[in-house]
Protein chains: 2
Amino acid sequence: MDFEPGGFEQLWADLAPLGRSAASGGYFRQPWTAADSELRAWFVEQAEARGLAVESDGVGNLVAWWGEGDHGVVTGSHLDSVLDGGAYDGPLGVVSGLLAVDRLHARGFEPSRPIGVSVFVEEEGSRFGLACLGSRLATGATTWEQARQLRDRDGIALADAVEQAGLPGAPGRLVEKIGCFVELHVEQGRDLVDRDAAVGVGSAIWPHGRYRFDFTGQANHAGTTRMEDRHDPMLSYAMTALAANKQARLAGQRATFGRLEVTPNGTNAIPSRVTAWLDARCDSDEALVAMVAEIERLATERAGRDGTQLAVTPESVSGAVHFDDALATRLAEVLGGAPVIPTGAGHDAGILAAAGVRTAMLFVRNPTGISHSPEEQASTADCLAGVEALADTLEELAR
Amino acid sequence: MDFEPGGFEQLWADLAPLGRSAASGGYFRQPWTAADSELRAWFVEQAEARGLAVESDGVGNLVAWWGEGDHGVVTGSHLDSVLDGGAYDGPLGVVSGLLAVDRLHARGFEPSRPIGVSVFVEEEGSRFGLACLGSRLATGATTWEQARQLRDRDGIALADAVEQAGLPGAPGRLVEKIGCFVELHVEQGRDLVDRDAAVGVGSAIWPHGRYRFDFTGQANHAGTTRMEDRHDPMLSYAMTALAANKQARLAGQRATFGRLEVTPNGTNAIPSRVTAWLDARCDSDEALVAMVAEIERLATERAGRDGTQLAVTPESVSGAVHFDDALATRLAEVLGGAPVIPTGAGHDAGILAAAGVRTAMLFVRNPTGISHSPEEQASTADCLAGVEALADTLEELAR
């Protein structure tokens, strides 16, 4: 073979330009786009250079297999990003999976079960609005019939986007070959910084929901309509954004309005509609239900005062996920006493765990704690420690 | 001539489908687009059917002349709309101008000065953000050098948009042929409803400004970033929107945030930037300055608490315009005691008045008071009363 599998620096350099915005320095790696095709081609090339057999399902979820058979030990993450995202969220897990395979080869390890390196599509939900879409389809948590009509912001249906990317569509059941799943991910917070540890083991994922708030009012002229005659949905929304922040702050939970669409969105027109998406995460299912109910109550009350209407639609709600306790404890031990920590971020690992797969996560320290931003960071030393930890983990699981 | 000039119903029926959204029933008549070309072609056809000589300047401002010479008496309005606007705002003045010419012909009136029917481009500023752009260019209030680099939301420069519409660009000085200007417009409010009058005469336009508020913060993950670690510009914006409303309400003035751009606008990302446009109008220049300063002060204070930054850029500010008092009084008399009323809406008439042209406005009753919305209304009887009043006005001015 002509092609030499790359080491950490090489793999990272390969990925650096793909889907990057020169303006912000951030990544726009939306699924089933040209950037996504390049990322997929890069992964196939790297996997084949390692002698791995790449399997794709109908929507483009990929697993590169070392060995054949059932009950595979699979590690991996995703290559898509949020809009204007960082370099590490997703790709670090894929790169580390490929390099962990290299480490195991170098150690002369011979797995008793197949080992796979996976890439799940549309983990961020930044194009079709449903997070972990690829793993949901691969596990049947979401059916193809439910998903195919989802539309992106340009009105393109998922089925058409997948077809335009040269994929057949119907996803299949990749999950059936996965006996155990480990996802390595850059930490999205500063827990490992506070604990002075390069690598941690995941204990749980907080419950999480996305809720669409449609505020409708009365379009009118911004210059001539008396303040007291208005039915302005922007005001109902603005109070709701502040109320959501306050509720989350008081309860020690998380609530964010980060996405908004205003109609008609003209400077001199009072809007007829403001649609806003609430991202809410809590440390228990009960707390999530209570917090969202309170935000909706306050929003409805304000809409009543503004003479506007509110409709709230849950677009995706995921209950708490607890990773395999015994496995997390064992891995913390194997990794020399790594801390075991929960996360507020959703991951494909959560979908696989909910589907009954024995699942674990590893986190790599992020010095800024920032993620979903070009400012997301991880040091090369910590990334290499992550690769070593992942190799140890795979050896433990596939020995 | 094969073509018969249309009456009110015919002209209105011609215009009804142009640039209309089937979904909302509202109009999207942005300048230098396909819809705009159709509107211009319709105007040229109607003007020529009346034997009027159509003159276009370099950016597409049109005047259809009856007679030749200087010191013309010009009436007209605009054909562009806000995004999702109503049928009457603009077109009613153009249609009434054409029909007033018909009335004067029918009366056997022979003007002593040329009479013109005008269409100014981009009155709403919905594409390039600067209201009354066409009349500003025609009067030199804005120079072509200042304007040509303006960009629309898709990044297209004004000079390119104008060229793509088949127009040469540099605007010329249409204003030099205009001795007197009268704009008829649907009322944008309920003053004439309260006064039980079909037609009113304009006294003044409130001072008006558009200000861009750029709030910048720190993009981060919506699920993992503790509320106390955030620098979320959405919160600074939300408080500012509520504060602007409260300030305007308390002072009996107008303040609106109707347009917003969020970056990156993803559900699971705390925004890095929220850009919002304030539309502010007051009954005096002093009140406008004071209100905007107070809104900016409150916004800056909140940004300080949120750890975000705020930059405020005035994009266009127009001082109070007082139409010719003697002319307004005389017209109210000619029209049998029509009420004389101010307006909070900007108009090309205001730009011409500021350029030293003797200027008047006529308003036609709007039963809903709603404008900049598909729900804008005017009865046919009131529209025909407006045509009659406009014909009387032109006769008075060009006798």
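Predicted model only: the values in this text are computed from it and were never measured. In this numbering scheme, every chain counts its residues from 1 along its sequence in written order. All chains are assigned letters beginning at A, and all ligands numbers beginning at 1, according to the order in which they are written. Two thresholds apply to this predicted model, a pLDDT of at least 70 for residue-level local features and 80 or more for giving and counting side-chain atom pairs, whereas whole-chain, interface and lining totals are computed over all residues. Computation of side-chain values: all heavy atoms of the structure, hydrogens and water removed.

Caption draft 1: The arrangement of helix H8 (residues 233–251) of chain A in detail. Residue and element names in this part refer to chain A. The secondary structure listing takes helices from DSSP runs of H or I that are at least 4 residues long and strands from runs of E that are at least 2 residues long, numbered from the N terminus. To estimate the expected span of a helix, subtract one from its residue number and multiply by 1.5 Å. Taking 1.5 Å per residue, 19 residues should reach 27 Å; H8 reaches 27 Å between its end C-alpha atoms and fits that length. Type-normalised accessible area, obtained with a 1.4 Å probe on protein chains alone, sets the label of each residue: buried when under 20%, exposed when over 50%, and partly exposed for intermediate values. With 14 of its 19 residues buried, H8 lies for the most part within the structure. In protein, a polar contact requires one atom able to donate a hydrogen and another able to accept it; more generally it is a pair of N or O atoms within 3.5 Å, and residues adjacent in sequence count only if both atoms are side-chain atoms. The opening residue of H8 is Asp232, an N-cap whose side-chain oxygen sits 2.9 Å from the backbone nitrogen of Met234. Of the residues one or two after H8, Gly252 is the one with positive phi, at around 70 degrees.

Caption draft 2: Representation of the packing of aromatic side chains in the model. Two rings from Phe, Tyr or Trp (for Trp, the six-membered ring) form a pair when their centres are within 6.5 Å of each other. A pair whose planes differ by under 30 degrees is stacked, one over 60 is edge-to-face, and the rest are tilted. Here the structure, examined in full by the defined rule, presents 16 aromatic pairs over all chains. With 5.5 Å between their ring centres and 85 degrees between their planes, A:Phe213 and A:Phe257 make a pair best called edge-to-face. Here A:Phe257 lies in strand S11 (residues 254–263) and A:Phe213 lies in strand S9 (residues 208–216), a separation of 44 residues in the sequence. Since its relative accessible area comes to 0%, A:Phe213 is described here as buried. Since its relative accessible area comes to 3%, A:Phe257 is described here as buried. In textbook terms, an aromatic cluster arises when at least three aromatic residues are bridged by ring pairs, as seen for A:Phe213, A:Phe215, A:Tyr237 and A:Phe257. For B:Arg29, the ring lying beneath its charged end belongs to B:Tyr27, and the centroid distance is 3.9 Å. A ring is considered to have a charge above it if a Lys NZ or an Arg CZ atom is located within 6 Å of its centre and within 35 degrees of its normal. In this structure, B:Arg259 packs its charged tip against the face of B:Trp277, placed 3.8 Å from the ring centre.

Caption draft 3: Molecular detail of the sheet that holds strand S14 (residues 309–318) of chain A. All names here are of chain A. Note: two strands are recorded as paired if DSSP finds a minimum of 2 bridges between them. Taken together, four strands build an open sheet; the order of strands is S11-S13-S9-S14 and the sheet is antiparallel. In this open sheet, the two edge strands, each paired with only one partner strand, are S11 and S14. Averaged over all pairs of adjacent strands, the angle between their axes in this sheet comes to 20 degrees, without regard to strand direction. Relative to strand S13 (residues 273–281), S11 runs antiparallel, the two sharing nine bridges. In the sheet register, Arg259 faces S13, and the bridge partner there is Trp277. This element, H8, spans S9, S11 and S13 of the sheet and lies at about 170 degrees to S11. Helix axes use the C-alpha atoms of the stretch in contact, all axes being lines fitted to C-alpha atoms, and the angles between their N-to-C directions lie in the range 0 to 180 degrees. Between two residues, a contact is recorded if the distance between any of their heavy atoms is within 4.5 Å.

Caption draft 4: Focus on the packing of H8(A) against helix H9 (residues 285–306) of chain A. All names here are of chain A. Contact geometry of H8 with H9 gives a least axis separation of 9 Å together with a crossing angle of 155 degrees. The pairing of H8 with H9 is recorded here as roughly antiparallel in orientation. In this structure, H8 meets H9 at a crossing whose hand is right-handed. Residues Leu235, Ser236, Met239, Thr240, Ala243, Ala244, Gln247 and Ala248 of H8 pack against Met291, Glu294, Ile295, Leu298, Ala299, Arg302, Ala303 and Asp306 of H9. Classes in brief: Ala, Val, Leu, Ile, Met, Phe, Trp, Tyr, Cys and Pro nonpolar; Asp, Glu, Lys and Arg charged; the others, Gly included, polar. Its residues placed into classes, the contact of H8 with H9 shows ten nonpolar, three polar and three charged. Oblique is the label for every angle not falling under 35 degrees (roughly parallel), over 145 degrees (roughly antiparallel), or within 65 to 115 degrees (roughly perpendicular). Crossings are classed by handedness, with left-handed meaning an anticlockwise turn of the near helix from the far one by less than a right angle and right-handed meaning a clockwise turn.

Caption draft 5: Quick look at the pairing of strand S7 (residues 178–186) of chain A. All names here are of chain A. For S7, the tally of buried residues reaches eight of nine residues, placing the bulk of the element in the interior. Pairing between strand S4 (residues 72–77) and S7: four bridges, direction parallel. Its bridge partner being in S7, Val73 is matched across the sheet by Cys180. Examined bridge by bridge, S7 and strand S17 (residues 358–364) share seven bridges and lie parallel to one another.

Caption draft 6: Structural context of the environment of A:Lys177. All names here are of chain A. When you line up the elements, Lys177 lands in the loop between helix H6 (158–164) and S7. Lys177 sits in the partly exposed class, given a relative accessible area of 29%. Taking the C-alpha atoms as reference points, Lys177 and Glu68, 109 residues apart in sequence, are found 9.8 Å from one another.

Caption draft 7: Main features of the relation of the copies chain A and chain B. Here the copies are superposed with least squares, the fitted atoms being C-alpha atoms of residues at a pLDDT of at least 70 in both. By a simple turn and slide, chain A fits onto chain B: the slide is 0.0 Å along the axis, the RMSD is 0.0 Å, and the turn is 180 degrees. Taken together, these values place the two copies in the relation of a two-fold axis. Closest approach to the rotation axis among the C-alpha atoms of chain A is made by A:Ala238, whose C-alpha sits 2.2 Å away. Here 100% of the contact residues of chain A are again contact residues in chain B; the copies associate through an equivalent surface.

Caption draft 8: Structural detail: the interface of chain A and chain B. Contacts between the two partners involve 59 residues from chain A, matched on the other side by 59 residues from chain B. Two parts placed together each lose some accessible area; with a 1.4 Å probe, that loss summed over both constitutes the buried area. Buried area between chain A and chain B, summed over both chains or domains, comes out near 5,000 Å², and the portion from carbon and sulfur atoms is 55%. The largest per-residue losses of area from chain A upon contact with chain B belong to A:Met227, A:Arg254 and A:Thr267, which jointly make up 14% of the total buried on that side. Should a side-chain nitrogen of Lys or Arg be within 4 Å of a carboxyl oxygen of Asp or Glu, the pair is scored as a salt bridge. Where chain A packs against chain B, one counts zero salt bridges. Across the contact surface, chain A and chain B share 24 residue pairs in polar contact (both at pLDDT 80 or more). When contributions to the side of chain A that touches chain B are tallied by element, the ones reaching two or more residues are strand S5 (83–85), strand S10 (220–221), H8, S11, strand S12 (269–270) and S13 of chain A. Per-class residue counts for the side of chain A that touches chain B are 24 nonpolar, 22 polar and 13 charged.

Caption draft 9: The nonpolar core, seen in detail. What is meant by a nonpolar core is a set of buried Ala, Val, Leu, Ile, Met, Phe, Trp, Tyr and Cys residues, joined one to another through side-chain atoms within 4.5 Å. One finds A:Tyr237, A:Leu260, A:Leu278, B:Tyr237, B:Leu260 and B:Leu278 to be the most contacted residues of the largest nonpolar core, which totals 58 residues. Dropping the residues within four chain positions of it, A:Leu260 is found in contact with A:Tyr237, A:Val274, A:Thr275, A:Ala276, A:Trp277, B:Met234, B:Leu260, B:Val262 and B:Asn265. B:Leu39, B:Val201, B:Leu390 and B:Ala398 belong to the second largest nonpolar core, which has 55 residues in total.

Caption draft 10: Up close: the confidence of the model for chain A. For chain A, the average pLDDT comes to 94, and 99% of its residues sit at 70 or higher. Note on the complex model: pTM 0.81, ipTM 0.81. The quantity known as pLDDT measures the predictor's confidence residue by residue, on a range of 0 to 100.

Caption draft 11: Geometry of the pattern of salt bridges. All names here are of chain A. In the structure shown here, the tally under the stated rule is 50 salt bridges over all chains. The closest approach of N and O atoms between Lys177 and Glu55, which form a salt bridge, is 3.1 Å. One end of the pair, Lys177, is in the loop between H6 and S7; the other, Glu55, is in strand S2 (residues 53–56), and 122 residues separate them in sequence. Exposure remark for Glu55: the relative accessible area of 24% places this residue in the partly exposed category.

Caption draft 12: Molecular detail of the packing of helix H10 (residues 325–334) of chain B against helix H12 (residues 380–398) of chain B. Residue and element names in this part refer to chain B. Contact pair H10 / H12: the axes reach a minimum separation of 10 Å and the direction vectors enclose 125 degrees. Taken together, the axes of H10 and H12 are oblique relative to one another. With respect to the hand of their crossing, H10 and H12 are arranged in right-handed fashion. Contacts from Leu327, Arg330, Leu331 and Val334 of H10 reach H12 at Asp392, Thr393, Glu396 and Leu397. When its residues are assigned to classes, the contact of H10 with H12 shows four nonpolar, one polar and three charged.

Caption draft 13: Spatial organisation of unusual backbone geometry. Each neighbour pair has its own omega, and for A:Thr263 with A:Pro264 the value is 0 degrees, a cis peptide bond. Mapped onto the elements, A:Pro264 comes out in the loop between S11 and S12. In this structure, A:Trp32 is a non-glycine residue whose phi angle is positive, near 60 degrees. Here A:Trp32 is to be found in the loop between strand S1 (27–28) and helix H2 (34–49). Taking relative accessible area as the criterion, A:Trp32 reaches 8% and is therefore assigned buried. At B:Asn265, a position not held by glycine, the phi torsion is positive, near 65 degrees. Assignment of secondary structure puts B:Asn265 in the loop between strand S11 (254–263) and strand S12 (269–270). Take B:Asn265: its relative accessible area is 12%, and that puts it in the buried class.

Caption draft 14: The arrangement of the sheet that holds S11(B) in detail. Residues and elements named next belong to chain B. Spatially, the four strands line up as an open sheet ordered S11-S13-S9-S14, and their pairing is antiparallel. Each edge of the open sheet is held by one strand with a lone partner, namely S11 and strand S14 (309–318). Taking the axes of each pair of neighbouring strands and ignoring which way they run, one obtains an average angle of 20 degrees across the sheet. Relative to strand S9 (residues 208–216), helix H9 (residues 285–306) is tilted by about 5 degrees, and along the sheet it contacts S9, S11, strand S13 (273–281) and S14.

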